[in-house]
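This is what each chain is made of:
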Amino acid sequence: MTTDHAPGPLADVELAITGMTCASCANRIERKLNKLDGVTATVNYATEKAKVSYPGTVSTDDLLRTVEAAGYAAALPTPPSGEVAVDAEPERDPLLQRLLVSTALSVPVVAMAMVPAWQFTHWQWASLALAAPVVVWGALPFHRAAWTNLRHGATTMDTLVSMGVLAAFGWSLWALFLGTAGEPGMTHPFRIAIDRTDGAGNIYLEAAAGVTTFILAGRWLEHRSKRRAGAALRALLELGARDVGVLRNGVETRIPVDQLVVGDEFVVRPGEKVATDGEVVEGTSAVDASMLTGESVPVEVRPGDTVVGATVNAGGRLVVRATRVGADTQLAQMARLVEDAQNGKAEVQRLADRISGVFVPVVIALAVATLGFWLGAGGGATAAFTAAVAVLIIACPCALGLATPTALMVGTGRGAQLGILIKGPEVLENTRRVDTIVLDKTGTVTTGEMTVHEVVAADGESVDDVRRLAAALEAASEHPIGRAIAASADSLPAVEGFTNREGLGVEGVVEGHAVVVGRPSLLADWSQHLPASLAAAVERAQAQGRTAVAVGWDGRARGVIVVGDTVKPTSAEAIARLRDLGLTPVLLTGDNEAAARHVAGQVGIETVVADVLPADKVDEVKRLQAAGKVVAMVGDGVNDAAALAQADLGLAMGTGTDVAIEASDLTLVRGDLLVAVDAIRLSRRTLTTIKGNLFWAFAYNVAALPLAAAGLLNPMLAGAAMAFSSVFVVTNSLRLRGFRSSVA
């Protein structure tokens, strides 16, 4: 068969995998899929999903058949609809049912084995009656998985559990029916260490039943913890509205949200959620976006403004035209980002998966060697058998498989709650190494919106008059500077004879005065020259990188209004905290040197690179990287996208453009630089948790296996310790839910 290696477009699909019981299963499926020509697959045990990139020469049916050939089941994702699917809690949990029944039967078996005073006549036969359903029915998932994998020539953690449980149960049956353990009046004490005695009088029903129950408990806790870890994502998905009042031929009709199409106009009443992303066409109101962005102050909207689905209308009635629906909405994109991050796999986890793939056969070999060693050393069949079973039970690699996914799920979920969207696990590793952070100025360090900073009146004139007359005239202007001036005054008198002088300013009659507002050159055209005090104010404003607007009426220059971008109130604190994290801030902007230096001085940045084109931003990032720096970049505009992609770690402000967000590794939903501090802190904390989990899982197995082989642990305690290791990992990951934001 010839293979076409010509590059071609790759398609992506996310398969739902069922039948996995441990990390070894995930590793095996991943290896099978990656053997297909041109296929790149990542299988995640925690989320039970496979992310697959495949060429045109491979079909999705090929992928499904490959998974099935490995002994598991796979399904394609359901077609997306407007209503986000929410993973509902099943009505009946079969795993919990199996655990409860097994626990009820195992407790008396373990109790009788541990307390000799409770070992009544024929207690051993009562134990057999109670333990048999646990071993056969309670442990059935382990036996079934072990047999399925065995038929495919594979061994997994279930192989270890099934072998250990069946070995302990089989030994007990032999001792009861063929040995002396079934005699009336037989007793034996509960022991932690293994004595070298003849095993014909010993039964291990408490081990078989106890291990099964402990591992079922561990599985159920893992299952519950994984669901809790993904709770933030489900909460995010549940934010959206369920139905909407759409206007059809002027009549309002309630329909499900998934029936909305782009261009539909729908009504949002006070207190209702905005059904989907759109543009306001009628009405004014305040929109509360706190549930989506964390912003506590409602945003005022009016016709022409955009609104985001799942935000709440806190004021008047709005009519909104849908611009994005279903999977294209910001809420759906946020959910995909979170889920993609949870489905990813960091390099440290790939190492754990490779190890767990060979771990099981090594453990089986070690169990056989332990059995042989104890028998050869004359330790007796009981000691040899019990030590070998303990090795099989304690070696479960589940903790390895859960170490990274659970921490990622909790970390990315907590990030989503705080307005931080982490695109993938490799991002976490980059945050550890970053030492330089490059900041775009406009929209990142500053608000990106013009505001009035100062009003200077000429001698003998009133500041209020200058502001009021200029604001009245500028209220009719569409220029950002004009809107800023208009917004600075409370009451605006009427304007007559308004004229817009393109690129220069505006003219008109206000309260009987012929008013001119604009560049000093426009006033000069009307022979209204600036006196020395106003000329000095203009020079001072320009030195700070701000814009000075001259105001005159009735033949004289009367004042100057200084307009400029405003530094965000939290930027200085954020810069200080970034320094505390070991990062060196650099201000990178296309603005002039004076404006950049003024802003840098306000927030405490020493290194400034100004007057740069978008391509120059990329070159500056490359220059820092060539100097040995590991660079993070924070930006929000299309002109930042290339630099965000070039940086080792790209952080996009969610208030920015889709292009910038797409090019970044982290998206900060709120336009607050303190969130960038949170993003780096959370990423580093998540990575630390992953490493702690992996260390515990590896150290546990390395330490426990020799103890089990040496006969220092009986199988029941080994099972409890093994289950505890997995529970420890998910519990340690859940601590990330307590991460606190820097933003007040």
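Residues numbered from 1 in each chain as written. Predicted model: local features only at pLDDT ≥ 70, side-chain atom pairs only at ≥ 80, totals over all residues. Heavy atoms only, no water.

### A few points about the confidence of the model for the protein chain
- Scored by pLDDT, the protein chain comes out at a mean of 80, with 81% of its residues at no less than 70.
- Per-element mean pLDDT across the protein chain ranges from 54 in helix H9 (residues 290–293) up to 94 in helix H4 (residues 123–138).
- Low pLDDT, under 50, characterises residues 80–91; the predicted model gives this stretch 14 contacts beyond four residues in sequence or across chains. (pLDDT = per-residue confidence, 0-100. Helix = DSSP H or I, 4+ residues; strand = E, 2+ residues; numbered from the N terminus. Contact = heavy atoms within 4.5 Å.)

### Remarks on the nonpolar core
- Counting residues in hydrophobic clusters, the biggest one holds 50 residues, and the most contacted among them are Leu-439, Leu-587, Leu-651 and Leu-673.
- Per-element accounting of this core gives the leading share, 11 residues, to helix H25 (residues 673–709).
- One finds Val-109, Ala-131, Trp-171 and Tyr-204 within the second-largest nonpolar core, a separate group that totals 31 residues. (Core = buried A, V, L, I, M, F, W, Y, C linked by side-chain atoms within 4.5 Å. Buried < 20%, exposed > 50% of the residue type's maximum accessible area, 1.4 Å probe, protein only.)

### Quick look at the pattern of salt bridges
- In this structure the tally under the stated criterion is 19 salt bridges.
- Its salt-bridge partner being Lys-49, residue Glu-14 comes within 3.7 Å of it at the nearest N-O pair. With a gap of 35 residues between them, Glu-14 in strand S1 (residues 11–18) and Lys-49 in strand S3 (residues 49–54) connect regions that are remote in the sequence.
- Between Asp-465 and Arg-468 there is a salt bridge, with its nearest N and O atoms 3.1 Å apart. Of this pair, Asp-465 and Arg-468 both sit in helix H16 (residues 463–474), separated by 3 residues, roughly a single helical turn.
- Taking the relative accessible area as the measure of exposure, Asp-465 reaches 27% and is therefore partly exposed.
- By sharing partners, the salt bridges in this structure join Asp-243, Arg-254 and Glu-272 into a single network. (Salt bridge = Lys/Arg side-chain N within 4 Å of Asp/Glu carboxyl O.)

### Some remarks on the UniProt feature "transmembrane region" (unreviewed entry) in the protein chain
- The positions UniProt marks with the feature "transmembrane region" (unreviewed entry) are residues 99–119, 125–147, 159–181, 201–221, 355–377, 383–404, 693–710 and 716–734.
- Span residues 99–119 is 76% helix and 0% strand, its end C-alpha atoms 25 Å apart.
- Taken end to end, residues 693–710 has its terminal C-alpha atoms 26 Å apart, with 94% of it in helix and 0% in strand. (UniProt positions renumbered as here; feature names shortened; annotations may be inferred.)

### Re the sheet that holds strand S21 (residues 556–567)
- The antiparallel open sheet is built from 6 strands, whose spatial order is S16-S21-S20-S19-S18-S17. In the strand order of this sheet, the two ends are held by strand S16 (446–457) and strand S17 (495–501), each with one partner. Within the sheet, the average angular offset between the axes of one strand and its neighbour, ignoring direction, is 20°.
- Alignment of strand S18 (residues 505–510) against strand S19 (residues 513–518), held across 6 bridges, turns out to be antiparallel. Considered in S19, the bridge of Gly-508 is made with Val-515. (Pairing = 2+ DSSP bridges. Axes fitted to C-alpha atoms, helices over the stretch in contact; angles between N-to-C directions.)

### A word on the packing of aromatic side chains
- Per the stated rule, a full pass over the model turns up 3 aromatic pairs.
- Here the aromatic rings of Trp-696 and Phe-728 are separated by 4.4 Å at their centres, their planes lie at 35°, and the arrangement is tilted. Here Trp-696, found in helix H25, pairs with Phe-728, found in helix H26 (residues 715–734); they are 32 residues apart in sequence, far enough to count as distant.
- On the accessibility criterion, Trp-696 (28% relative accessible area) is partly exposed.
- Across the ring face of Trp-137, the terminal group of Arg-98 is positioned such that the distance to the ring centre comes to 4.7 Å. (Phe/Tyr/Trp six-rings, centres within 6.5 Å; stacked < 30°, edge-to-face > 60°. Lys NZ or Arg CZ within 6 Å of the ring centre and 35° of its normal.)

### Focus on helix H19 (residues 532–543)
- The end-to-end C-alpha distance of H19 is 16 Å, a good match for the 16 Å that 12 residues give at a rise of 1.5 Å each.
- Those residues of H19 lying buried are Leu-534, Ala-537, Val-538 and Ala-541. Looking down the long axis of H19, one finds its buried residues gathered within 100° of arc, a one-sided arrangement. Among the exposed residues of H19, those oriented more than 90 degrees off its buried face are Ala-532, Glu-539 and Ala-543. (Expected span 1.5 Å × (residues − 1). Arc of directions from axis to C-beta.)

### Brief notes about the environment of Val-727
- Examined against the element boundaries, Val-727 turns out to sit in helix H26.
- In this structure the C-alpha to C-alpha distance between Val-727 and Trp-220, which are 507 residues apart in sequence, comes to 9.6 Å.

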